[in-house]
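The chain contents come next:
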Amino acid sequence: MSFLNLKKSVTKRTGFYLSFALTIILGIALTFLLLFIESKIMNNKKTGLEELSTTMAASISFAMSEGSSDVSPYVEKVSKQENLVEVRILASNYIYEDNESKMDEQEKLVNKIGEPVYISEEFNDINVFRSVIPIKADETCIECHDGNVDDVMATMSIRYSMEETYSNIGTQRIIGI
């Protein structure tokens, strides 16, 4: 009789350890899956904002080359898109003297290096993803403005709210648990 009790306790212990190990493995797998999905979502948002910024810069450059000097109606219309917190286009000193003094640190950096910057930050108590890109001169620009081809004529800054995205990620985490 003691042999049967010993056998049951070994089986129970083995079952317990196996269940515990499987629970840990599934928990780790779920964690990695959630992190992977979160990474994909964030990369998709970044890619979308990069594409929007590039398209806007090309549109503004085209409008300017066609003689339009006021881009404010375009900025106003684009600003109405969902989750866009702020859209700024600031001309460099090639366009308006001492205009670069209106730029913040990131805009001044992009104006100086001539390369885009993409960052996550907090703006007006809202988590945002920010795209700051240069609008560079082409041959048509220097017909009317000082400067050379590829000089930064303006800096465009777009802030996209990440609040909805973070909320969705949080919901996914809760559902995953």
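Quick note: structure is the one above.
Reading guide: rules and limits
The numbers attached to residues start from 1 for each chain and follow its sequence in the written order. Predicted model: local features are reported for residues with pLDDT of at least 70 only, side-chain atom pairs are reported and counted for 80 or more only, and whole-chain, interface and lining totals are derived from all residues. The side-chain values count all of the structure's non-hydrogen atoms but skip hydrogen atoms and water molecules. A 1.4 Å probe rolled over the protein chains alone gives each residue an accessible area, and that area as a share of the maximum for its type sets the label: buried under 20%, exposed over 50%, partly exposed in between. Numbering of helices and strands runs from the N terminus; a helix is a DSSP stretch of H or I covering at least four residues, while a strand is a stretch of E covering at least two. A pair of strands is labelled paired if DSSP reports no fewer than 2 bridges between them. Only buried residues count toward a nonpolar core. Its members are Ala, Val, Leu, Ile, Met, Phe, Trp, Tyr and Cys residues joined through side-chain atoms within 4.5 Å. Note on definitions: the grid is 1 Å and covers protein atoms alone; a cavity is a set of points where a 1.4 Å probe fits but cannot get out; a pocket is an open set with protein on both sides within 12 Å along at least five of seven lines; lining residues have an atom within 4 Å of a point. Grid points are joined across faces, edges and corners, and a volume is the space filled by probe spheres set on the points. We call Asp, Glu, Lys and Arg charged. Ala, Val, Leu, Ile, Met, Phe, Trp, Tyr, Cys and Pro are nonpolar, and the rest, Gly among them, are polar.

Caption draft 1: Geometry of the pairing of strand β3 (residues 126–136). Burial analysis of β3 places eight of its 11 residues in the buried class, the great majority of the element. Note that strand β2 (residues 117–123) and β3 share seven bridges and pair antiparallel. Residue pairing for β3: glutamate 122 is matched across the bridge by asparagine 127. The hairpin formed by β2 and β3 contains two residues between the paired strands, and asparagine 124 there has a positive phi angle of roughly 50 degrees. The pairing of β3 with strand β4 (residues 152–161) spans nine bridges and is classified as antiparallel. Opposite valine 128, over in β4, you have serine 161 as the bridge partner.

Caption draft 2: Main features of the nonpolar core. Formed by 17 residues in total, the largest nonpolar core has its most connected members in Met56, Leu84, Val87, Ile135, Met156 and Ile158. Looking at this core, the elements that each hand over two or more residues are α1 (2–65), α2 (72–78), β1 (84–91), β3 and β4.

Caption draft 3: The arrangement of the layout of surface pockets in detail. The calculated volume of the largest pocket comes to roughly 500 Å³. In terms of lining residues, the largest pocket is bounded by 22 residues, among which Met64, Ser68, Ser69, Ile95 and His145 are the most central. Elements supplying a minimum of two residues to the lining of the largest pocket: α1, β1, α4 (141–144) and β4. Among the elements that make up the lining of the largest pocket, the one with the highest residue count is α1 (four residues). A class-by-class count of the residues in the lining of the largest pocket yields 13 nonpolar, eight polar and one charged.

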